[in-house]
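The lines below spell out each chain.
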Amino acid sequence: WSSSALPEDKGEVIVDGYMSIAKNKNFQDRWFRLYANNSLSYYADAASVTGKALGEISLYDVMIVEEDGAYQFHLVTQKRTYTLKCTVSDELDEWLKNIKLRVSPNIFCSGWLFKKGEKNKSWKLRFFVLCESECTCEVRYYE
């Protein structure tokens, strides 16, 4: 999965609210929205959500969710580590619960299967995972 492959229709909003994101060692307040398609988008403020997001993190790219002190946590991808900060523990708990469930969902079944490509019609061996996050099930595959 890659953040460039996220669909334009992000689905329902799972959770939203203000958090701070670290930029050049300074924190900037942003309005964050976690969507059903596993994208975490951030905007200048709550009124800006109808426009283009300032940034977007695909939770499919997140390898580790690392908790830190002072209501802070890190989303670690191959390319970058995002540092986010909440103002109170209840907000931190809500964000972490929802993000962790999407990064590390309950896995029912996994194994190797062949997948036929859409463009290149050949069959490729891929590792598949059948997983559940909240009330939905999804199939994920990896090269």
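Residues numbered from 1 in each chain as written. Predicted model: local features only at pLDDT ≥ 70, side-chain atom pairs only at ≥ 80, totals over all residues. Heavy atoms only, no water.

Bringing the confidence of the model for the protein into the picture now. Low pLDDT marks regions whose predicted coordinates should not be analysed in detail. With 93% of its residues at a pLDDT of 70 or more, the protein has an overall mean of 88. In this model, residues 1-7 is a region of pLDDT below 50 whose contacts with residues beyond four sequence positions or in other chains number 15 contacts. (pLDDT = per-residue confidence, 0-100. Contact = heavy atoms within 4.5 Å.)

A few words now on the pattern of salt bridges. Under the defined criterion, the tally for this structure stands at five salt bridges. Measuring nitrogen to oxygen at the nearest pair gives 3.2 Å for the salt bridge that ties Asp16 to Arg33. In this pair, Asp16 sits in strand E1 (residues 13-23) while Arg33 sits in strand E2 (residues 26-35), placing the two residues 17 residues apart along the sequence. The salt bridge involving Arg140 is made with Glu138; its shortest N-O contact spans 2.6 Å. (Salt bridge = Lys/Arg side-chain N within 4 Å of Asp/Glu carboxyl O. Helix = DSSP H or I, 4+ residues; strand = E, 2+ residues; numbered from the N terminus.)

The subject of this paragraph is the nonpolar core. In terms of nonpolar packing, the biggest core is built from 21 residues, with Leu40, Phe73, Leu75, Trp95 and Ile99 touching the most fellow members. Put simply, the parts of the chain that give this core at least two residues each are E1, E2, strand E3 (39-43), strand E6 (72-76), strand E7 (81-85) and helix H1 (89-103). A total of five residues in this core trace back to one element, the largest contributor, which is H1. With five residues, the next largest nonpolar core counts Trp31, Tyr35, Val49 and Ala53 among its residues. (Core = buried A, V, L, I, M, F, W, Y, C linked by side-chain atoms within 4.5 Å. Buried < 20%, exposed > 50% of the residue type's maximum accessible area, 1.4 Å probe, protein only.)

You will see that Lys25, though not glycine, has its phi angle at about 70°, which is positive. In this structure, Lys25 sits in the loop between E1 and E2. When its relative accessible area of 82% is taken as the criterion, Lys25 is described as exposed. Look at Ala70: it is not a glycine, yet its phi comes out positive at around 60°. When you line up the elements, Ala70 lands in the loop between strand E5 (64-68) and E6. A residue is classified by how much of its surface remains accessible, and Ala70, at 52% relative accessible area, is exposed.

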